[in-house]
Amino acid sequence: MRTRTPDPRRTARFAAVGAMALVAGFMPGTGAANDTRTAEADIAYTCDLPSGAQPVPVHITAELPVSTSIGTAIQLRDVALSFELPRSALSSSPEAEPAAVSGSARVLTEVSQRGESTDVPWQGLEIPETSLPATGDIALRATGEVPTITPRSSGDVLFALGQLDVGLALRAAEGAGDAPPPPAFSCKADPDQSAELATVTVPPQTGAPPTGTAPEPSGDTTPERSGGAKAGREQALPAGGVQPPADCTVMTGPIPQVPKPAHGYMAGYSNINKLAGAIRFSDPGHLRLNLNTSVSFLRCPTGVKSWLTTDGTLDHKGKARMPPAEATFLTFGFMPTTAKVELILEGRIDIGTLGDSAPDPDTKKYKETTTAIAPLRARLYDVEVNGEPLDVGPDCRSVSPMTLKLVGKGASGAGGPEGYTVKTGGPLTGYADVPPFTGCGVTEDLDNLFTASVSGKGNYTKMMQSPLCVEGVPANCPEPPKPKPER
């Protein structure tokens, strides 16, 4: 193995290589490589732990092919990172130590060939719940699937490990009160060593001269020969559902993923502008989600972004709806009116997360913006006006579903998540236009009454989402916390 030294020109070279190099390994190749072997490496990291910077040796193993052919995907399997953390990283005092630890890890892996390289994130490596030993450090192991790499030219493909980000969830011992705050930290490979994991040989094709291009995704991309930069054809994501910003173009994707089932809760307020009031959804709605159904990579004015999609539904007593909320208003400014409001999901919830591919240079965090769109039909019932029941019938509803669009902004990385992320929850805000009403009234037509007093544009909504319980991850499971509405 050769020794890598830090290259101060790496950032500039990365920009010159171009956006497609960043996503080089995220498209599947044609066929599969054979003759696999198990690669192992011991890499010295220094981690910014809550108790201070400390050395943390990391042992990495992965199964990968000895060699492959041009255009054939390199799939690393059984990837595992093993490391030990000092007890001081989990709690500042022995009395507050947790009973068990779980979490996830992310490794920025450098893949290079013929002098060009690209960073490929191995994210979502899961750390199963591990009990804290009676004494000594705690041994943790992170495993998961990682992206494939498809070489487009001959020459050795080298895999080397870079920055490691770890986020932990702590479970308190029974009867010991709350667990300490969940720690998150970043680790950097020590520069005076080789951080290489393995090399895969890619022999030249018979009769074809070797080229100097780095590994690329298969599919709709071709290398630019001037300066060695790569550029993808502009593509479009499927119509409908949530969409990334209009000023971004698709370089690669959408690439289907194996989604993870997850569930959580949300509660909040929704204004009704015409009534100068708000509906309080204090009984949290139950979200059931399929996390990360696809990934795309985009070229945006501010740089390369990832686009992760998620979909889901609501579940209240087996039906796709929010629990009913009771609202009281002064109709037309003087008549006290009480009604129960039910929001019925017609279709599915579509969620898209636009994430930075590089951390903020100041905060060391990866910023992300999540947009959720849900088609919801409003139904009114149990209406009382000035204390007297008003029979609106069983089918007093908006004439069509309203499109509720909510946006959450947050970040992940060093120091743990901030703001809103899909997995950890937080505030989501947006606006909805309430359509006219139909089917209201039994002995008289009340459609115009409710349309005049309720329907309208630009009704502000703020929902609080709980952290999710994700299948296979013990944190927040089996029952996530239920959030409280916040104005």
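The name given to the protein in an unreviewed UniProt entry is DUF6801 domain-containing protein, with Streptomyces gelaticus as the source organism.

Turning to unusual backbone geometry, a few remarks are in order. A cis geometry characterises the amide bond from Cys 477 onward to Pro 478, with omega recorded as 0°. Mapped onto the secondary structure, Pro 478 falls in the segment after strand S27 (469-470). Positive phi is not limited to glycine here, since Asn 292 has a value of about 60°. Here Asn 292 is to be found in strand S14 (residues 277-300). Classification of Asn 292 as partly exposed rests on a relative accessible area of 30%. Even without a glycine there, the phi angle at Asp 382 is positive, about 50°. Along the chain, the position of Asp 382 falls in strand S19 (residues 365-385). By relative accessible area, which is 47% here, Asp 382 ends up partly exposed.

Glancing now at the pairing of strand S24 (residues 426-434). By the bridge criterion, 3 bridges tie strand S22 (residues 402-413) to S24 in an arrangement that is antiparallel. Its bridge partner being in S24, Val 407 is matched across the sheet by Thr 429. Looking at chain direction, S24 and strand S26 (residues 456-465) are connected through 8 bridges and run antiparallel. Across the sheet, residue Thr 429 finds its bridge partner in S26, namely Lys 462.

If you trace the backbone, Thr 310 turns up in strand S15 (residues 303-314). Within the structure, the side chain of Thr 310 is placed 3.0 Å from the backbone nitrogen of Asn 292, a separation counted as a polar contact. Apart from the residues lying within four places of it in its own chain, the contact partners of Thr 310 are Leu 289, Asn 290, Leu 291, Asn 292, Thr 293, Ile 349, Asp 350 and Ile 351.

Disulfides are covalent bonds that connect the sulfur atoms of two cysteines. Evaluation of the coordinates by the stated rule reveals 4 disulfides. Here Cys 248 connects covalently by a disulfide to Cys 300, the sulfurs 2.0 Å from one another. Between Cys 248 and Cys 300, the disulfide has an S-S torsion of 115° and is therefore right-handed. Of this pair, Cys 248 sits in the loop between strand S11 (230-232) and strand S12 (249-256) while Cys 300 sits in strand S14, and the two are 52 residues apart along the sequence.

Time to look at the pattern of salt bridges. This structure, assessed with the given rule, holds 14 salt bridges. Of the charged contacts, one joins Lys 260 and Glu 126 as a salt bridge, the two residues approaching to 3.4 Å between their closest N and O atoms. Residue Lys 260 is located in strand S13 (residues 260-272), and its partner Glu 126 is located in strand S5 (residues 116-131); the two are separated by 134 residues in the primary sequence. Here Glu 126 falls in the buried class, since its relative accessible area comes to 12%. With its nearest N and O atoms 2.9 Å apart, the salt bridge here joins Arg 321 to Glu 342. You can see Arg 321 sitting in the loop between S15 and strand S16 (325-331) and its partner Glu 342 sitting in strand S17 (residues 335-345), a full 21 residues away along the chain. Across this residue pair, the class does not change: Arg 321 and Glu 342 are buried. Residues participating in the shared-partner salt-bridge network are Asp 311, Arg 348 and Asp 350.

Here the focus is the environment of Ala 89. Considering the arrangement of structural elements, one finds Ala 89 in the loop between strand S3 (77-85) and strand S4 (100-113). For the pair Ala 89 and Phe 185, spaced 96 residues apart in sequence, the C-alpha to C-alpha distance is 9.5 Å. Sequence-distant contacts of Ala 89, defined by excluding residues within four places in its chain, comprise Leu 49, Pro 50, Ser 51 and Pro 183.

Most of S15 sits inside the fold, with 9 of its 12 residues counted as buried. As paired strands, S14 and S15 are joined by 11 bridges and run antiparallel to one another. From the neighbouring strand, Ser 294 faces S15, where its bridge partner is Thr 309. What sits between S14 and S15 in their antiparallel hairpin is a turn of 2 residues. Here S15 runs beside strand S18 (residues 349-356); their pairing, made up of 8 bridges, is antiparallel.

What follows covers the nonpolar core. Of all hydrophobic cores here, the largest spans 47 residues; its most connected members are Leu 76, Trp 122, Leu 168 and Leu 197. Tallying contributions element by element places strand S7 (residues 157-171) first for this core, with 7 residues.

This part is about the packing of aromatic side chains. Applying the stated criterion across every chain yields a total of 2 aromatic pairs. When the ring of Phe 437 is compared with that of Phe 450, the centres are 6.5 Å apart and the planes differ by 50°; the resulting orientation is tilted. Within this pair, whereas Phe 437 is found in strand S25 (residues 437-438), its partner Phe 450 is found in helix H3 (residues 447-453), the two being separated by 13 residues in sequence. What makes Phe 437 buried here is its relative accessible area of 5%. Taking relative accessible area as the criterion, Phe 450 reaches 7% and is therefore assigned buried. Above the plane of the ring of Tyr 366 lies Arg 106, whose end atom (NZ or CZ) is 4.2 Å from the centre.

Reading the values: the criteria
Residues numbered from 1 in each chain as written. Predicted model: local features only at pLDDT ≥ 70, side-chain atom pairs only at ≥ 80, totals over all residues. Heavy atoms only, no water. Helix = DSSP H or I, 4+ residues; strand = E, 2+ residues; numbered from the N terminus. Buried < 20%, exposed > 50% of the residue type's maximum accessible area, 1.4 Å probe, protein only. Pairing = 2+ DSSP bridges. Polar contact = N/O pair within 3.5 Å; in protein donor to acceptor, adjacent residues only side chain to side chain. Contact = heavy atoms within 4.5 Å. Disulfide = S-S within 2.5 Å. Salt bridge = Lys/Arg side-chain N within 4 Å of Asp/Glu carboxyl O. Core = buried A, V, L, I, M, F, W, Y, C linked by side-chain atoms within 4.5 Å. Phe/Tyr/Trp six-rings, centres within 6.5 Å; stacked < 30°, edge-to-face > 60°. Lys NZ or Arg CZ within 6 Å of the ring centre and 35° of its normal.

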